[in-house]
Amino acid sequence: MELRQLNYFIAISDAKSFTRAAEKLYVSQPALTGQINTLENELGMKLFDRTNKSVQLTPAGEVFYKHATQVLSEVENTLSHVQTIRQNAQSTLCFAVHPIFSGAPFLAIYRAVQSYFPNRQLLFDIADFSSMESAQNRRRYSFRIFPGFADQSSKEQLLAESPFLFAAMDKSVFSSDTRLYLLPSCIRLISKLTELLPDNASISLIPSLDRIEAYMELSDTVVLLPQALVPPKAFCQSIPNAPRLGALLICSDEQMKEPLTKILRQTLANRGWERNSL
């Protein structure tokens with residue numbers, strides 16, 4: 001049984017005529033008659049009483065008509081729901097940003113993407129590497145922004161970069177023997193960053209940089225940060241041959257990649273990052 005046959009059956013029932021139903025459906029009358037014959041043979045019963053002057057439903061046909069209209073209504077509702085889901089999926093832009101870029105960089109990124117895609121609903125996650133790279137999320141995210149060392153990254157992925165330096169709210173902390181070093185909690189950065197610290201240095205990891213100033217208010221605290229993320233009131237101490245943090249982009253939509261790269265590079269440059277250009 002096919003949905004086409006149900007449509008034909010209902011059209012004949014409503015028109016009470018094979019001829020008028022065929023005209024309405026834009027099919028030939030023999031083709032319409034053939035489909036109804038096939039349907040009746042499958043059901044093993046007659047659905048219409050045919051005379052030269054009229055077409056009437058049999059008792060079985062009346063029962064079948066009731067259920068056929070319900071089936072087609074459910075099919076129509078289902079197709080409508082699927083269409084709505086498809087349209088919503090196309091209008092939603094889902095992306096992820098690593099916690100190291102939370103706070104001011106994330107807000108700038110969000111606003112730039114929102115401005116460039118004004119008709120898209122934005123959904124985002126502040127997510128670490130393991131979450132970003134899960135098979136499910138890799139399919140869900142249109143793009144991902146994560147940290148890495150600029151000199152170890154693909155130039156195609158690199159949006160911007162900034163050198164690491166030491167920062168503190170109290171300048172005297174740089175000469176303190178009891179200072180605590182705070183480092184961004186990022187598994188891809190920790191090993192190389194710890195090489196910049198004195199032997200036996202006291203270290204603590206910062207899970208997110210959106211409240212970096214609060215961490216820096218702790219006594220005898222020095223933070224190892226990329227220059228672009230240092231708060232304006234902080235004192236800085238440069239590091240010879242300092243590694244450079246890169247903001248890296250992976251975009252799953254090739255059509256989106258070029259314009260997105262352009263606007264994000266400009267956005268980060270406006271926030272004090274050194275712009276990378278291909």
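Coordinates for the structure precede this section.
Residues numbered from 1 in each chain as written. Predicted model: local features only at pLDDT ≥ 70, side-chain atom pairs only at ≥ 80, totals over all residues. Heavy atoms only, no water.

A. Geometry of empty space enclosed by the protein. Scanning the model with the defined rule gives one cavity of 30 Å³ or more in all. There is about 30 Å³ of room inside the largest cavity. The wall of the largest cavity is formed by His 98, Pro 99, Ile 100, Pro 184, Ser 185, Ile 206, Pro 207, Ser 208 and Leu 209. Taken together, the residues of the lining of the largest cavity break down into six nonpolar, three polar and no charged. (1 Å grid on protein atoms, 1.4 Å probe; cavity = no way out; pocket = protein on both sides within 12 Å on 5 of 7 lines; lining within 4 Å. Points joined across faces, edges and corners; volume = space filled by probe spheres on them. Nonpolar A, V, L, I, M, F, W, Y, C, P; charged D, E, K, R; others polar.)

B. Inspection of the nonpolar core at higher detail. Val 113, Phe 143, Leu 260 and Leu 264 are the most contacted members of the largest nonpolar core, which has 64 residues in total. Counting residues per element, this core draws most heavily on strand 6 (residues 158-168), at eight residues. Among all residues touching Val 113, those that are not within four sequence positions of it are Leu 93, Leu 122, Phe 143, Leu 260, Ile 263 and Leu 264. Counting residues in hydrophobic clusters, the runner-up holds 18 residues, among them Ile 12, Ile 36, Ala 68 and Leu 72. (Core = buried A, V, L, I, M, F, W, Y, C linked by side-chain atoms within 4.5 Å. Buried < 20%, exposed > 50% of the residue type's maximum accessible area, 1.4 Å probe, protein only. Helix = DSSP H or I, 4+ residues; strand = E, 2+ residues; numbered from the N terminus. Contact = heavy atoms within 4.5 Å.)

C. A look at the pairing of strand 4 (residues 121-126). Of the strand pairs in this sheet, strand 3 (residues 92-97) and strand 4 are connected by six bridges, and their pairing is parallel. Pairing of Leu 93 across the sheet is with Leu 122, part of strand 4. Crossover strand 3 to strand 4 through helix 5 (residues 104-116) is right-handed. (Pairing = 2+ DSSP bridges. Right-handed = clockwise from strand over helix to strand, strands pointing away.)

D. Here's a closer look at the packing of aromatic side chains. Tallied over the entire structure, the rule returns 15 aromatic pairs. Centre to centre, the rings of Phe 106 and Tyr 110 are 6.0 Å apart; their planes meet at 45 degrees, and the pair counts as tilted. Pair noted here: Phe 106 and Tyr 110 are both in helix 5, with a separation of four residues, about one helical turn. Given the relative accessible area of 9%, Phe 106 is considered buried. Overall, the relative accessible area of 21% leaves Tyr 110 in the partly exposed class. Through successive ring pairs, a cluster of aromatic residues spans Phe 9, Phe 18, Phe 48, Phe 64 and Tyr 65. Lying over the aromatic face of Phe 149, Lys 192 brings its terminal NZ or CZ to 4.7 Å of the ring centre. (Phe/Tyr/Trp six-rings, centres within 6.5 Å; stacked < 30°, edge-to-face > 60°. Lys NZ or Arg CZ within 6 Å of the ring centre and 35° of its normal.)

E. Geometry of the layout of surface pockets. Each pocket or cavity is described by its volume, and for the largest pocket that value is around 260 Å³. Lining the largest pocket we find 17 residues, and of these Ala 104, Pro 105, Ile 212, Ala 228 and Leu 229 sit closest to its centre. At the level of secondary structure, the elements contributing two or more residues to the lining of the largest pocket comprise helix 5 and helix 9 (212-216). Broken down by class, the residue content of the lining of the largest pocket amounts to 11 nonpolar, two polar and four charged.

F. Looking closely at the side chain of Arg 144. Here Arg 144 lies in strand 5 (residues 143-149). Residue class for Arg 144 comes out buried when judged on its relative accessible area of 4%. Looking at Arg 144, its side chain comes within polar contact range of the side chain of Glu 133, at 3.1 Å. What Arg 144 contacts, discounting residues up to four positions off in sequence, is Ala 96, Met 132, Glu 133, Arg 138, Leu 248, Leu 249 and Ile 250. (Polar contact = N/O pair within 3.5 Å; in protein donor to acceptor, adjacent residues only side chain to side chain.)

G. Structural view of the environment of Ser 172. If you trace the backbone, Ser 172 turns up in the loop between strand 6 and strand 7 (180-184). Placed 48 residues apart in sequence, Ser 172 and Asp 220 show a C-alpha to C-alpha distance of 8.5 Å.

H. Geometry of the packing of helix 5 against helix 10 (residues 254-270). It is at 10 Å that the axes of helix 5 and helix 10 come closest, and there the two elements cross at 140 degrees. Our classification of the angle between helix 5 and helix 10 gives oblique. Helix-helix and strand crossings are classified by hand; for helix 5 and helix 10 the assignment is right-handed. Where helix 5 abuts helix 10, its residues Ala 108, Ile 109, Ala 112, Val 113 and Tyr 116 lie against Pro 259, Leu 260, Ile 263, Leu 264, Thr 267 and Leu 268. (Axes fitted to C-alpha atoms, helices over the stretch in contact; angles between N-to-C directions. Parallel < 35°, antiparallel > 145°, perpendicular 65-115°, else oblique. Left-handed = near helix turned anticlockwise from the far one by under 90°.)

I. Molecular detail of the pattern of salt bridges. One pass over the full model with this rule turns up nine salt bridges. As a salt-bridge pair, Glu 40 and Arg 50 come within 3.4 Å of each other at their nearest N and O atoms. With Glu 40 in helix 3 (residues 29-43) and Arg 50 in strand 1 (residues 48-50), this residue pair connects regions lying 10 residues apart in the sequence. Between Arg 138 and Glu 133 there is a salt bridge; the shortest N-O distance is 3.7 Å. (Salt bridge = Lys/Arg side-chain N within 4 Å of Asp/Glu carboxyl O.)

J. Main features of the pairing of strand 9 (residues 221-226). Most of strand 9 is tucked away: six of the six residues are buried. Of the two faces of strand 9, the one holding Thr 221, Val 223 and Leu 225 and the one holding Val 222, Leu 224 and Pro 226 are both buried throughout. With four bridges joining them, strand 6 and strand 9 adopt antiparallel strand pairing. Among the inter-strand pairings, Leu 165 is bridged to a residue of strand 9, identified as Leu 225. Where strand 7 and strand 9 come together, three bridges link them in parallel fashion. By the bridge assignment, Leu 182 is partnered in strand 9 with Val 223.

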